[in-house]
Amino acid sequence: MSLYIKIGDYFTIKKITTGFFIAFLSSGAMYLDWLGFVNYFINTVLGLLTLYWLLQSDRKVWFWAGFGIGVLWFWWISMSFFNYGFGWAVPIGVTITAFVYGVLFFLIAKIAEFLEHQGQRHGSASTLIGLTIKALGLLILSYIHPFGFDWFKPELIFTNSYLGIEKWQFAIVLFAIAMSIYKQQGRGQTHWSAPTVLLLIIFAYPFASHFNNTPLPKHNIVISNSMTNVHDKWNPELQPAHVDMVFKKIDRAIEEKRKLIIFPESIFAFFVNTKPDLMTALQAASNDIGIVIGGLYWDNGIPRNSTYIFKEGRFQIANKAVLVPFGEQNPLPKWMGSIINELFFDGAPDYVASADVTDYTINGVTYRNAICYEGSSEELYVGNPKQMILISNNGWVAPSIEPTQQKILLQYYSKKYGTTIYHTANMSPSYTVHNGKVY
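Undergrad: Where do I start with the packing of aromatic side chains in this structure?
TA: Aromatic rings considered in pairs are described by the distance between their centres and by the relative angle of their planes. Per the counting criterion, the structure on display carries 38 aromatic pairs. Ring geometry for F74 and W76: centres 6.5 Å apart, planes at 65°, overall edge-to-face. Here F74 falls in the buried class, since its relative accessible area comes to 0%. Looking at W76, the relative accessible area reads 7%, which means it is buried. Ring centres of F149 and Y373 lie 6.2 Å apart, and the angle between their planes is 20°; this geometry places the pair in the stacked category.

Undergrad: Before we go on, may I ask you to explain the sheet that holds strand β11 (residues 431-434) in this structure?
TA: Working definition: the strands of a sheet are paired by backbone hydrogen bonds and lie parallel or antiparallel to each other. As summarised here, the arrangement of the 6 strands in space is β7-β8-β9-β10-β11-β12, forming an open sheet in which the pairing is mixed. Of all strands in the sheet, those bounded by a partner on one side alone are β7 (359-362) and β12 (437-438). Pairing analysis gives 7 bridges linking strand β9 (residues 387-393) to strand β10 (residues 420-426), with the strands arranged parallel. Looking at the pairing, S392 lines up with A425 of β10.

Undergrad: How do you make sense of the pattern of salt bridges when you look at a structure like this?
TA: Where side chains of opposite charge bring their charged atoms close, a pairing between them can arise. Counted by the stated rule, this structure contains 11 salt bridges. For the salt bridge of R59 with E113, the shortest nitrogen-to-oxygen distance reads 2.6 Å. Here R59 is found in helix α4 (residues 59-74), whereas its partner E113 is found in helix α6 (residues 90-121), with 54 residues between them in sequence. Of the residues examined, R59 reaches a relative accessible area of 22% and is grouped as partly exposed. A relative accessible area of 12% means that E113 is categorised as buried. With its nearest N and O atoms 3.4 Å apart, the salt bridge here joins R314 to E312. Exposure remark for E312: the relative accessible area of 56% places this residue in the exposed category.

Undergrad: Would you mind showing me how to read helix α8 (residues 167-184) here?
TA: In an α-helix there are 3.6 residues to a turn, and that puts residues three or four apart on one side. Here α8 spans 25 Å end to end across 18 residues, near enough to the 26 Å set by a 1.5 Å rise per residue. For α8, a buried count of 13 out of 18 residues is recorded, marking the element as mostly surrounded by other parts of the structure.

Undergrad: Looking at this model, I keep getting lost on a nonpolar patch on the surface. Mind explaining?
TA: Nonpolar side chains collect at one region of the surface, where F21, F37, F41, I42, V45, L49, W53 and Y162 lie side by side and expose about 720 Å² of accessible area between them. Considering each element in turn, the nonpolar patch owes the most residues, 5 residues, to helix α3 (residues 40-55). Mapped onto the fold, W53 is located in helix α3. According to the relative accessible area criterion, W53 is partly exposed, its value standing at 36%.

Undergrad: Hey, could you run me through the nonpolar core in this one?
TA: Generally speaking, nonpolar side chains in soluble globular proteins are found buried as a group. L51, L55, W73, L138 and F158 are the most contacted members of the largest nonpolar core, which totals 66 residues. Residues contacting L51, with those up to four places away along its chain left out, are L138, I157, F158, F170, V173, L174 and I177. Counting 21 residues, the second-largest nonpolar core is a separate cluster that includes F247, F263, I267 and V272.

Undergrad: Is there a simple way to explain helix α12 (residues 239-255) in this structure?
TA: Spanning 17 residues, α12 covers 25 Å between terminal C-alpha atoms, matching the ideal 24 Å at 1.5 Å per step. Listing the buried residues of α12 in full gives Q239, H242, V246, F247, K249, I250 and A253. Projected down its long axis, α12 shows its buried positions confined to an angular sector of 155°, all on one face. Facing away from the buried side of α12 by over 90 degrees, the exposed positions are P240, K248 and E255. Here the buried face of α12 lies against β1 (221-223), α11 (230-233), β2 (260-262), β3 (268-271), α13 (276-285) and β4 (290-299).

Undergrad: Explain the side chain of S226 to me, please; I cannot follow it from the model alone.
TA: Within the fold, S226 resides in the loop between β1 and α11. At 2.8 Å, the side chain of S226 and the side chain of N426 are in polar contact. Residues in contact with S226, not counting those within four places in the same chain, are P264, I267, A425, N426 and M427.

The rules behind the values
Residues numbered from 1 in each chain as written. Predicted model: local features only at pLDDT ≥ 70, side-chain atom pairs only at ≥ 80, totals over all residues. Heavy atoms only, no water. Phe/Tyr/Trp six-rings, centres within 6.5 Å; stacked < 30°, edge-to-face > 60°. Buried < 20%, exposed > 50% of the residue type's maximum accessible area, 1.4 Å probe, protein only. Pairing = 2+ DSSP bridges. Helix = DSSP H or I, 4+ residues; strand = E, 2+ residues; numbered from the N terminus. Salt bridge = Lys/Arg side-chain N within 4 Å of Asp/Glu carboxyl O. Expected span 1.5 Å × (residues − 1). Patch = residues over 30% accessible without salt bridge, like charges linked within 9 Å, V, L, I, M, F, W, Y side chains within 5 Å. Areas by Shrake-Rupley, 256 points an atom, 1.4 Å probe, with all protein chains shown as cover. Core = buried A, V, L, I, M, F, W, Y, C linked by side-chain atoms within 4.5 Å. Contact = heavy atoms within 4.5 Å. Arc of directions from axis to C-beta. Polar contact = N/O pair within 3.5 Å; in protein donor to acceptor, adjacent residues only side chain to side chain.

Structure (structure tokens):
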């Protein structure tokens, strides 16, 4: 009976609604962006309110806040089940994802409350201990990647705001809010008031990036776009039409005297290197224009998701280095992965990742190769690449909020590493990100 009561404490209306209210605040900027509305002031306020409510909440609210974030931020992950004919599995996938993040948040708050109670026993400033642990937990959450998925970074809420996204800037914000809550509760011996302490967030303003006005490099590039749904893309009968579309765009770019044209991921949804006539035609066209195009690559019996780079009559293959968990590579133990692949993917083998990221040079400019998911992964930014060409296929999760979240992540990495990103996509807009701004 006591266990039933303890579990029931987590399902009170107040705990659930407070947790989901915090989750709504945390995702507010993202959903407003999805609707085409970006306002730095509103986004700053939403982010600060998220942290203010979260830091002063207990572990039960933290669970539901994490659960709500799992739903609102990542419901789109399960949308791909529709394309595999398993629409019934979407609610299951959403619930599992939400539960994972709920548990992560719960553990942080549970540890904070445990140490807070220990502090009470020893006469320490227990409230401050609890607030500090919660703040530290939020700081390290971006380093915790369930199943290898690293898209959750709490500081993303400030990407399009008046506050910075660097860890030290996020730490200042957390410290200021935590100390404000502490003072608001009548704690501490200093004469600083809660509002005064909160003013410390001024030091999280991104002064360096604010005065970074370097112009967008002009490389005379065509960033192509396509709107082909998944079923049409993988329909063998439509492959000739897809090839014809690509060459029409190449011819138009040549007529316009462009130097480079970029096409989305797997715009050729087949093993391109097994089509010698197509390879020869692309090599010939590359004498007039550089071509970067997505397609599958058959590497001596190993399937790879790759970028084909054609220039001056020659070609280069850049294979994907960071694979999508479950979508391209199963992160579960081999015996479990085999069952999942058999159940959902008709027993198809996993793709194989490249051991290293690839840089290539076209027209004297060096670009970091990135294919869809990996362009939004921290691993691709090792070495602070100055230019990146990212090719994506967002058709697997269309329609959803994923393209907006992807764009915000690219803005985040562009700010953090100073990378200019040329992003071409299928089933979502194409654009360039420079100094964290979208063009």
